[in-house]
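# Overview (structure and organization)
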Amino acid sequence: MFEIIFIGAFLGISYFIGNRIESNHIKDIVIREKKSIHLPYRNTGLKDSFVDHEGFLVYGSVVVTHDAFKNFVMGLINIIGGRVTVYESLLERARREALLRLKEKALAQGAKELVNFRMQSAEIGYNQQNSGSIEIFCYATALK
Amino acid sequence: MLLSNIESIPGKQIEVYFGIVQGSSVRAKHAGRDFMAGIKNIFGGELKAYTELLNESREEAVARMVQHAQERGANAIVNVRFSTSSIAPGAAEIFAYGTAVKVI
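No experiment lies behind these values; they were computed from the predicted model shown.

Each helix and strand in chain A was counted, giving three helices and three strands. In terms of C-alpha radius of gyration, chain A reaches 19 Å, well past the compact-globule figure of 15 Å for 144 residues. Along the three orthogonal principal directions, the C-alpha set of chain A runs to about 70 × 30 × 25 Å. Across the 144 residues that make up chain A, the buried fraction comes to 33%.

What follows concerns the interface of chain B and chain A. Accessible area lost when the parts come together is the quantity often used to give the size of an interface. Listed per partner, the contact involves 32 residues of chain B and 46 residues of chain A. Of all the elements in the fold, those that place two or more residues in the side of chain B that touches chain A are α1 (31-43), β3 (44-46), α2 (48-71) and β4 (76-88) of chain B. Take the side of chain B that touches chain A: its biggest share by element is seven residues, from α1(B). Split into classes, the residues belonging to the side of chain B that touches chain A amount to 14 nonpolar, 14 polar and four charged. Inspection of the sheet shows strand β1 (residues 55-67) of chain A paired to β3(B) by two bridges, in the antiparallel sense. Each bridged residue has a counterpart across the sheet, and for Thr65(A) the counterpart in β3(B) is Gly45(B).

Residue and element names in this part refer to chain B. Across the sheet, which stays open at both edges, the four strands sit in the order β1-β4-β5-β2 with mixed pairing between neighbours. Unpaired on one side and paired on the other, β1 (2-3) and β2 (14-28) mark the two borders of the sheet. One ladder, built from 13 bridges, connects β2 with strand β5 (residues 91-103); its direction is antiparallel. Paired with Val-21 across the strands is Gly-98, a residue of β5. Where α2 meets the sheet, its contacts fall on β2, β4 and β5, and the angle it forms with β2 comes to roughly 145 degrees.

What follows deals with the confidence of the model for chain B. All names here are of chain B. When pLDDT is averaged along chain B, the result is 87; 94% of the residues meet or exceed 70. When mean pLDDT is taken per element in chain B, β1 scores highest with 92 and α1 scores lowest with 71. Across the whole predicted complex the pTM is 0.88, and at the interface the ipTM reaches 0.85.

What follows concerns the environment of Glu113(A). Residues and elements named next belong to chain A. Topologically, Glu-113 is positioned in strand β2 (residues 113-124). Distance in space between the C-alpha atoms of Glu-113 and Tyr-87 is 31 Å, their sequence separation being 26 residues. Leave out the neighbours within four places in its chain, and Glu-113 touches Pro-40 and Leu-143.

What counts, and where the lines are drawn
Residues numbered from 1 in each chain as written. Chains lettered and ligands numbered in written order. Predicted model: local features only at pLDDT ≥ 70, side-chain atom pairs only at ≥ 80, totals over all residues. Helix = DSSP H or I, 4+ residues; strand = E, 2+ residues; numbered from the N terminus. Rg over C-alpha atoms; globule rule 2.2 N^0.38 Å. Buried ≥ 20, exposed ≤ 12 C-beta atoms within 10 Å, placed from the backbone. Contact = placed C-beta atoms within 7 Å. Nonpolar A, V, L, I, M, F, W, Y, C, P; charged D, E, K, R; others polar. Pairing = 2+ DSSP bridges. Axes fitted to C-alpha atoms, helices over the stretch in contact; angles between N-to-C directions. pLDDT = per-residue confidence, 0-100.

Dropping the structure here:
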């Protein structure tokens, strides 16, 4: 009985704090996205030769992890199958963050456009049992 | 050294191609950071220590690639690609490669 209460409390705290971190982060992302919305980016331009521009390589990355509550929900969804919305929201947030970091870096160096934008993800585990962390990495060529 | 992930360097003309250059780096954080990451895993969110770790190793991989290109007499690298793989718990390999060129 005590264990159930303990696990319940643990998941409750994890849900509460995890949710707070998530909503604060989304608020922050929305504000920063407005600041960098004027920088266009596209994933074409590989073969173009931008003769009247200056260019440089930029990249941005973020490593995110799930919380204990998301992990628990994942376990339940794994039994019945279906969309794992808790993870979708985490990854969407991470992608937006990585893109923002790239854009902010590019803007700081005076970029006017980003071409050949690429995004990739890699799983980063920190021990054998738990490997829920993922790195989102994006890179592009910035044109001045 | 000029870098781009497109097939040219904007505003420059490619004169000579030197072939593929590459650089890689494998890094791990000390156990304290791993322990903190474990705690962070309860609440979720960004693992700053790991973001930092991977950025450091990416810079190192790029630096090695650049060094490789300089040895060949290149002054730019075009079509740079990155790949990441988790090879061991708490460690990741970052690999960067591109074509070394001389631009004018």
